Amino acid sequence: MRPDILVIDIPPVENPDDADVKDMPPVFFKHDLHSRALEGQCSKCHEAKEGKIVFKFKRTSTLSGKAYMDLYHENCVACHAEMKGESGKQGPLEAQCRTCHTADPGAASSRVKIKFDRSLHYTHETAKAVKPADKDQRANCSACHHSANMKAKTTFYEKGKESACVYCHKETADDQMPENGVRPARQAAHDSCVVCHLSMAGDAEKGGPVECAGCHDAENQKKIKQHTAMPRLDRNQPDQALMTGFKDLGQDEAANKKMVAAHMDAVPFNHKLHEEKGISCKTCHHDTLNECASCHTAKGDAQGGYIKLADAMHNSGSAQSCIGCHNEIKTAKECAGCHAQMPEKDFKDQDCAACHSVDVKSTPAETLNDTHAKARLAKDALAAKTYTKVNLEDIPETVEIKTIAEEYKPSSFPHRAVVEAIFKQVGDNAMGKSFHKSDLTMCAGCHHNSPATMTPPQCASCHSKEPDIATGKPGLKGAYHGQCITCHQKMEVKSVLPTDCTKCHEKK
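The rules behind the values
- Residues numbered from 1 in each chain as written.
- Predicted model: local features only at pLDDT ≥ 70, side-chain atom pairs only at ≥ 80, totals over all residues.
- Heavy atoms only, no water.
- Helix = DSSP H or I, 4+ residues; strand = E, 2+ residues; numbered from the N terminus.
- Rg over C-alpha atoms; globule rule 2.2 N^0.38 Å.
- Areas by Shrake-Rupley, 256 points an atom, 1.4 Å probe, with all protein chains shown as cover.
- Lys, Arg positive; Asp, Glu negative; His and termini not counted.
- Charge placed at Lys NZ, Arg CZ, Asp CG, Glu CD.
- Expected span 1.5 Å × (residues − 1).
- Buried < 20%, exposed > 50% of the residue type's maximum accessible area, 1.4 Å probe, protein only.
- Arc of directions from axis to C-beta.
- Contact = heavy atoms within 4.5 Å.
- Core = buried A, V, L, I, M, F, W, Y, C linked by side-chain atoms within 4.5 Å.
- Polar contact = N/O pair within 3.5 Å; in protein donor to acceptor, adjacent residues only side chain to side chain.
- Salt bridge = Lys/Arg side-chain N within 4 Å of Asp/Glu carboxyl O.
- Phe/Tyr/Trp six-rings, centres within 6.5 Å; stacked < 30°, edge-to-face > 60°.
- Lys NZ or Arg CZ within 6 Å of the ring centre and 35° of its normal.
- Disulfide = S-S within 2.5 Å.

**Student:** For the overall build of the protein, give the residues involved together with the corresponding values.
**Tutor:** When helices and strands are tallied, the protein shows 19 helices and ten strands. For 508 residues, the compact-globule estimate of 2.2 N^0.38 gives 23 Å, and the protein exceeds it by more than 25% at 31 Å. Projecting the C-alpha coordinates of the protein onto the three principal axes gives extents of approximately 85 × 75 × 50 Å. Just so you have it, the protein exposes about 33,700 Å², and 54% of that area is on carbon and sulfur atoms. Of the side chains in the protein, 67 bear a positive and 69 a negative charge, and the two mean positions are spaced by 3 Å.

**Student:** With reference to specific residues and values, describe helix 16 (residues 415–427).
**Tutor:** For an α-helix, the turn length of 3.6 residues means that residues three or four places apart are oriented alike. With 13 residues, helix 16 should cover 18 Å at 1.5 Å per step; its first-to-last C-alpha distance of 18 Å lies within 8% of that length. Of the positions making up helix 16, those classed as buried are H415, R416, V419, I422, F423 and V426. One side of helix 16 carries all its buried residues, which in axial view fall inside an arc of 130°. Of the surrounding elements, those touching the buried residues of helix 16 are helix 13 (333–339), strand 9 (399–401), strand 10 (411–413), helix 17 (430–436) and helix 18 (440–443).

**Student:** Explain the nonpolar core to me, and be specific about the residues and the numbers.
**Tutor:** Grouped together as the largest cluster of nonpolar side chains are eleven residues: I8, I10, V27, F29, L38, C45, F57, Y68, L71, Y72 and M83. Residue assignment for this core shows that the elements contributing at least two residues are strand 2 (27–30) and helix 2 (65–87). Looking at this core, the element that brings in the most residues is helix 2, giving four residues. Excluding its chain neighbours within four sequence positions, the residues that come into contact with L71 are F57, K58, R59 and L63.

**Student:** So what's going on with helix 15 (residues 371–383)? Which residues, and what values?
**Tutor:** Look at helix 15: 18 Å from first C-alpha to last across 13 residues, which is about the 18 Å you get at 1.5 Å a residue. Those residues of helix 15 not exposed but buried are A373, K374, A375 and A378. Of the surrounding elements, those touching the buried residues of helix 15 are strand 7 (240–243), strand 8 (267–270) and helix 14 (365–368). Its side-chain oxygen at 2.8 Å from the backbone nitrogen of H372, D370 defines the N-terminal cap of helix 15.

**Student:** Tell me about the side chain of S438, residues and numbers included.
**Tutor:** Within the secondary structure, S438 is located in the loop between helix 17 and helix 18. Only 3.0 Å separates the side chain of S438 from the backbone nitrogen of L440, close enough to count as a polar contact. Leave out the neighbours within four places in its chain, and S438 touches Y387 and T388.

**Student:** Could you give an account of unusual backbone geometry, naming the residues involved and the relevant values?
**Tutor:** Although it is not a glycine, K153 sits at a positive phi angle of roughly 55°. One can find K153 in the loop between strand 5 (147–149) and strand 6 (154–156). Accessibility expressed as a relative area gives 71% for K153, which makes it exposed. Phi at Y306 takes a positive value of approximately 60°, unusual for a residue other than glycine. Along the chain, the position of Y306 falls in the loop between helix 10 (292–295) and helix 11 (309–314).

**Student:** Please set out the side chain of H216 residue by residue, giving values where relevant.
**Tutor:** Tracing the backbone shows H216 in helix 6 (residues 212–216). Residue H216 is classed as buried on the basis of its relative accessible area, which comes to 9%. Each residue touching H216, except ones within four places of it in the same chain, is listed here: P3, S110, R111, V112, K113, I114, H190 and Q221.

**Student:** Break down the environment of C338 for me, citing the residues and quoting the values.
**Tutor:** Relative to the helices and strands, C338 resides in helix 13. Those residues in contact with C338 that lie beyond four places of it in its chain are M442 and G445.

**Student:** Describe in detail the pattern of salt bridges, supporting the description with residues and values.
**Tutor:** In the structure shown here, the tally under the stated rule is 17 salt bridges. A salt bridge links D70 to K66, with the nearest nitrogen and oxygen atoms 2.8 Å apart. Within this pair, D70 and its partner K66 are both found in helix 2, separated by four residues, close to a single helical turn. By relative accessible area, D70 is classed as partly exposed at 22%. With its nearest N and O atoms 3.6 Å apart, the salt bridge here joins D349 to K348. Under the relative-accessibility criterion, D349 is labelled partly exposed at 42%.

**Student:** Residues and numbers for the packing of aromatic side chains, please.
**Tutor:** Tallied over the full model, the rule gives two aromatic pairs. Ring centres of F57 and Y72 lie 4.6 Å apart, and the angle between their planes is 20°; this geometry places the pair in the stacked category. Note that F57 is positioned in strand 4 (residues 52–57) and Y72 in helix 2, a separation of 15 residues in sequence. As far as the burial class goes, F57 and Y72 line up, both buried. Three or more aromatic residues link up through ring pairs in this structure, and these residues are F57, Y68 and Y72. The positively charged end of K433 is found above the aromatic ring belonging to Y387, 5.5 Å away from the centroid.

**Student:** For the environment of D191, give the residues involved together with the corresponding values.
**Tutor:** Structurally, D191 can be placed in helix 5 (residues 185–202). Along the primary structure D191 and E253 are separated by 62 residues, whereas in three dimensions their C-alpha atoms are 53 Å apart. With sequence-adjacent residues up to four places away left out, D191 is seen in contact with F55 and R183.

**Student:** Quick one: what's the story with the state of the cysteines, residue by residue and with numbers?
**Tutor:** Across all of its chains, the model carries zero disulfides by this definition. Just so you know, C193 is unpaired, no disulfide at all, and the nearest cysteine sulfur is the one on C144, 6.7 Å from it. C352 carries a free sulfur, and the closest cysteine sulfur to it, the one in C355, is 8.7 Å from it.

**Student:** An account of the environment of M491 is needed here, citing residue identities and associated values.
**Tutor:** Take M491: it is sitting in the segment after helix 19 (476–490). Take M491: its relative accessible area is 8%, and that puts it in the buried class. Distance in space between the C-alpha atoms of M491 and H339 is 11 Å, their sequence separation being 152 residues. Excluding residues that lie within four positions of it along the chain, M491 makes contacts with K333, E334, G337 and Q425.

Structure representation (structure tokens):
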């Protein structure tokens, strides 16, 4: 397994005269192996343009067909022959075609895509070696971020317009050039990152990796410093936002009322909190940093990929939607003990008011058109949310379970201690507190299918001794084991393993 394997294959042939050049398998090229053999002399294989190395082999522009094939054959074989003369070690020579052109590369690629997350961004943001494009600038954002003049085919820095590279440099499946001519994400990243790292290495400054393995090897990625305390990425975004689902209102009051009435109550959104939890801005802002409604309209259109705003927010199968992301978070062990055993509710049965809680039908249009005024409404709404605690002393300390008392001694279930442990694990979870509203919601994890109350019905009131074959409802023994064991598995409880029967069932 190697992280440095590149596939060299002749691009699609356009010239009919070149049709016979694609009769050999592609070459699985070990880049780091060659880089070390050449002692890091990139110029042996790569030419420079405007003072920067171009990551194309022995050229600065695109080639195809026979010209592409000849370029590799002539230069690779010539270098191999030259090295044979110098050290006796060399690569395949002419007429040893199958040594390079083999269907079996000998080693699989272990390349792992590197995540340029907030921590790695902070490393670059605070690196003294990363200089701004203009020495008068205090921050070094301009070292990497740029806007583009597509007509003039030039780039320039716009302060306050920084965003993720992939918003313009799209990730393409085969790394082919998109129709708009903007370099694919992979090519742009290598052109910028590796060239910058190489320039630092040349200046004897502390730079980043220049070999494939430095960024794309799983073990090396684990060695990258992880920051835990980082300031927010400042783009003048509000701490809170009020998501209404519609764009700015106009002067026609009747039309405004119609627009507001056509939408659900607004959602007060804690933007700052979500930033702290998200990996990067594009976790939610996947295509631009604009508001969701600027692309995803109520009816859906081409700009938003015909995905309606409601679907963009509520699609439970998409990690970029609110519900989809929340569902992923609920698989964490502190949540999964309860949620893994809960069937997902139909959309029509969801508690819409848990999010859509701000009635703006009487709110003036000028307020709803003002980002900061809306942020204040959202802040007030979030501050008004309440959470009801339960007095642990009111919870039974132990519960005796005699379901299989004929074979084992009754189980003395430490009810209060278990409840306290669950409350403690979930207690600081902001998402849990926002949606649970009360400790009693967590009681419903075990006492399901009954109202959240301090006096829930006993399990035996629903589960009889034998299972109900007609409805699929488990018997009492199956219900206890299914609920308890699954919870211990999902919450990774170490003190009482799911397989440790005698911890609960002492032999007579």
